[in-house]
Amino acid sequence: MLNNIGVPGLILILVIALIIFGPSKLPEIGRAFGRTLTEFKSAAKELVSDNNNEETKKPVLSAVKKDN
């Protein structure tokens, strides 16, 4: 997704963000984005590990013969 931006595109995005938010808000926005990304990664890892644990802990189902 971000492979085609390049250095000039990144500089343009940063300049636009600086104009819109101002220099005092950019560090706060960066920290909030970093925390959000960290929480997303940890949640994704937790979901993957939970999924792997469920697959290994699945009980073996066997047919039970009913007596009528």
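Residues numbered from 1 in each chain as written. Predicted model: local features only at pLDDT ≥ 70, side-chain atom pairs only at ≥ 80, totals over all residues. Heavy atoms only, no water.

Points about the overall build of the chain
For clarity, the cut-off: Counting from the N terminus, the helices are DSSP H or I runs at least four residues long and the strands are E runs at least two residues long. For every residue, the accessible area obtained with a 1.4 Å probe (protein chains only) is divided by the maximum for its type, and the residue is called buried under 20%, exposed over 50%, and partly exposed between those limits. For every accessible area listed, the method is Shrake-Rupley and the probe measures 1.4 Å; residues are considered covered only by the protein chains on display.
Looking only at helices and strands, the chain has two helices and zero strands in total. Counting the 68 residues in the chain, one finds 4% classified as buried. Accessible surface, the chain as shown: approximately 6800 Å² in total, 65% of it carbon and sulfur.

With respect to helix α1 (residues 6-21)
Heads up, the condition is: To estimate the expected span of a helix, subtract one from its residue number and multiply by 1.5 Å.
For α1, spanning 16 residues, the distance from its first C-alpha to its last is 22 Å, which sits close to the expected 22 Å at 1.5 Å a residue. Note on α1: the residue one or two positions beyond its end, G22, has a positive phi of about 85°.

Remarks on the pattern of salt bridges
The condition that has to hold: The salt bridge criterion pairs a side-chain nitrogen of Lys or Arg with a carboxyl oxygen of Asp or Glu, the two atoms within 4 Å.
Applying the stated rule across the entire model yields one salt bridge. Ionic pairing is found between K25 and E28, a salt bridge with its closest N-O pair at 3.7 Å.

Concerning a nonpolar patch on the surface
Worth spelling out the cut-off: Think of a patch as exposed residues, more than 30% relative accessible area, with no salt bridge, where like charges cluster within 9 Å and nonpolar side chains (Val, Leu, Ile, Met, Phe, Trp, Tyr) cluster within 5 Å.
There is a patch of nonpolar side chains on the surface, built from L12, I16, I20, F21 and I29 and spanning about 480 Å² of accessible area. Tracing the sequence through the fold places I16 in helix α1. Classification of I16 as partly exposed rests on a relative accessible area of 42%.

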